[in-house]
Amino acid sequence: MNALNPVMWSVHVGFAVLWVGSVLFVTLAVLPPALRGDIGTTALGSIVGRLRWITRIGAVAFVATGGHMAGTLYTFEALTGTPRGHLVLTMLGLWFVGTGLVEVGGSKLSDGLDADKLREPARDAKPFLYGASAVAVGLIVTAGLLASPGLF
């Protein structure tokens, strides 16, 4: 085992918790008041901006840490030919989709807020943020399966 793996694992999981929590927080706690018009555009813009930055910084962290772990723990054959490898590839795919959904939803919100609108951009972003939340939950389930000793 590579001595750097525990550090990479910790950074990877830390950013995953931050990203998943941020996506779920925005979707479940911030979006409903925005849909009702009960939150200010400045506050919503700040929250959405932070979510997008967490997503972008997380992307760099995930590529660095996940790439290191995949490169030291798996061969190409193990990634493509074993159940654990398939879970790793599933996580990669879910993460790409989730990142895209957050970026599109965040862009719809930001564009609308720049036009001094609130409810319409929140409505436009809703399906993308709901999708990102579903993907975030899927990532947690997949991570749980990967972390289950002896399951695969």
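Residues numbered from 1 in each chain as written. Predicted model: local features only at pLDDT ≥ 70, side-chain atom pairs only at ≥ 80, totals over all residues. Heavy atoms only, no water.

Per an unreviewed UniProt entry, the recorded name for the chain is Transporter, and the organism is Halorubrum californiense DSM 19288.

A. Representation of the packing of aromatic side chains. As enumerated under the stated definition, the model contains two aromatic pairs in all. A centroid spacing of 5.9 Å and a plane angle of 85° characterise the contact between Phe-62 and Trp-95, whose relative ring orientation is edge-to-face. Taken together, the residues span a long stretch of sequence, with Phe-62 in helix α2 (residues 41–73) and Trp-95 in helix α4 (residues 83–114) at a distance of 33 residues. As far as burial versus exposure is concerned, Phe-62 and Trp-95 are alike and both buried. For the pair Trp-95 and Phe-96, a centre-to-centre distance of 4.8 Å together with 50° between the ring planes defines the contact as tilted. The exposure class assigned to Trp-95 is buried, which follows from its relative accessible area of 11%. A relative accessible area of 52% places Phe-96 in the exposed class. An aromatic cluster of at least three residues, connected via ring pairs, comprises Phe-62, Trp-95 and Phe-96. Above the face of the Trp-53 ring, Arg-56 is positioned so that its terminal group lies 5.5 Å from the ring centre. (Phe/Tyr/Trp six-rings, centres within 6.5 Å; stacked < 30°, edge-to-face > 60°. Helix = DSSP H or I, 4+ residues; strand = E, 2+ residues; numbered from the N terminus. Buried < 20%, exposed > 50% of the residue type's maximum accessible area, 1.4 Å probe, protein only. Lys NZ or Arg CZ within 6 Å of the ring centre and 35° of its normal.)

B. Quick look at the pattern of salt bridges. Applying the stated criterion across every chain yields a total of four salt bridges. Arg-52 is the salt-bridge partner of Glu-103, the closest N and O atoms lying 3.4 Å from each other. You can see Glu-103 sitting in helix α4 and its partner Arg-52 sitting in helix α2, a full 51 residues away along the chain. Note on Arg-52: relative accessible area 16%, which makes it buried. Residue Lys-117 pairs with Glu-120 through a salt bridge whose shortest N-O separation is 3.6 Å. A single network of salt bridges, built from pairs that share partners, joins Arg-52, Arg-56 and Glu-103. (Salt bridge = Lys/Arg side-chain N within 4 Å of Asp/Glu carboxyl O.)

C. Broad picture of the layout of surface pockets. Considering only enclosed or pocket space, the largest pocket measures out at about 870 Å³ in volume. Around the largest pocket, the lining comprises 29 residues; the ones closest to its centre are His-12, Gly-66, Met-69, Met-91 and Leu-146. A per-element tally of the lining of the largest pocket places helix α1 (residues 5–36) first, with eight residues. Tallied by class, the residues present in the lining of the largest pocket amount to 24 nonpolar, four polar and one charged. (1 Å grid on protein atoms, 1.4 Å probe; cavity = no way out; pocket = protein on both sides within 12 Å on 5 of 7 lines; lining within 4 Å. Points joined across faces, edges and corners; volume = space filled by probe spheres on them. Nonpolar A, V, L, I, M, F, W, Y, C, P; charged D, E, K, R; others polar.)

D. Layout of the side chain of Ser-22. Along the chain, Ser-22 turns up in helix α1. With a relative accessible area of 12%, Ser-22 lands in the buried category. Beyond its immediate sequence surroundings of up to four residues, Ser-22 is in contact with Leu-51 and Ile-54. (Contact = heavy atoms within 4.5 Å.)

E. Looking closely at the UniProt feature "transmembrane region" (unreviewed entry) in the chain. The feature "transmembrane region" (unreviewed entry), as given by UniProt, occupies residues 12–32, 53–74, 86–106 and 127–147 in the numbering adopted here. Taken end to end, residues 86–106 comprises 100% helix and 0% strand; its first and last C-alpha atoms sit 30 Å apart. Taken end to end, residues 127–147 is 100% helix and 0% strand, and its two terminal C-alpha atoms sit 30 Å from one another. (UniProt positions renumbered as here; feature names shortened; annotations may be inferred.)

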